[in-house]
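# Inside the fold
Below, each chain spelled out in residue letters.
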Amino acid sequence: MTIVTADRPQTIRPLTGDEARTVIPALSAILTDCVADGASVGFLSPFTEADAAIYWRSVADAVANRQVVLMVAEHAGEILGTVQLGIALPPNQPHRADLKKLLVHRRGRGHSLARSLMDAAEEQALALGRHLLVLDTATGSPAEAIYARLGWSRAGVVPDYALFPDGSFCGSTFFYKSLLSNDTPVPAENRFPS
């Protein structure tokens, strides 16, 4: 899918496991930039691109095994953003997905990449029959404000849930979003008995 912004076109697309493996250097650069910028996304400083590559190889394996949908945002021909949908959930949760690791390199910020990635993730979720999305983010972070602007509902905060890259505690705010409207069809396998 190509999304045109005021200044340049963006391409938002899902990757296969093999495609993910070929772009590990670009994904690693995004992740290390976000950690260096203080994002609480699961890693502590010092964090190198070699550390990030180990993480992305595991994500590529999960994509190949159909446990994760990995999407990237390309801006001006460069991968500068990414987001994941965790879809390997227990049998009693076939209707939902976990939105994970919305990451945009500082060079790509200000071009609506986060919004475009979120819109595309929601489309992918619906295509997979997933109509309830959940996520968590560092309380007080810029990402928290983004999710609220994009129509996500705040479920609550858990204090001291995780650590920032510098090792200090941060709370996590949990959000959810229902993608159902009155006219949204729900696949038969995801319908609940009335």
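Please refer to the structure placed before this passage.
Quick summary incoming for the structure in this document.

Procedures and definitions
Residues numbered from 1 in each chain as written. Predicted model: local features only at pLDDT ≥ 70, side-chain atom pairs only at ≥ 80, totals over all residues. Heavy atoms only, no water. Core = buried A, V, L, I, M, F, W, Y, C linked by side-chain atoms within 4.5 Å. Buried < 20%, exposed > 50% of the residue type's maximum accessible area, 1.4 Å probe, protein only. Helix = DSSP H or I, 4+ residues; strand = E, 2+ residues; numbered from the N terminus. Contact = heavy atoms within 4.5 Å. 1 Å grid on protein atoms, 1.4 Å probe; cavity = no way out; pocket = protein on both sides within 12 Å on 5 of 7 lines; lining within 4 Å. Points joined across faces, edges and corners; volume = space filled by probe spheres on them.

This next bit is on the nonpolar core. Counting 26 residues, the largest nonpolar core has Met-71, Leu-85, Leu-99, Leu-117, Met-118, Tyr-147 and Trp-152 as its most contacted members. Counting only elements with at least two residues in this core, the list comes to strand S3 (68-75), strand S4 (78-86), strand S5 (96-104), helix H4 (113-127) and strand S6 (132-138). Tallying contributions element by element places H4 first for this core, with 7 residues. Leu-99 has contacts with Val-83, Gln-84, Leu-85, Met-118, Ala-121, Val-134, Leu-135, Tyr-147 and Trp-152, leaving out every residue within four places of it along the chain. Listed in part, the 25 residues of the second largest apolar core include Val-23, Ile-24, Val-59 and Leu-103.

Let us look at the layout of surface pockets. Where empty space is left can be seen by rolling a probe of water-molecule size over the atoms. Estimates place the volume of the largest pocket at around 1,100 Å³. As for the largest pocket, its lining consists of 44 residues, and the residues nearest its centre are Val-41, Leu-102, Thr-137, Ala-143 and Tyr-147. Within the residue set of the lining of the largest pocket, elements represented by two or more residues are S5, H4, S6, helix H5 (142-149), strand S7 (153-163) and strand S8 (169-178). Looking at which element gives the most residues to the lining of the largest pocket, the answer is S5, with 7 residues.

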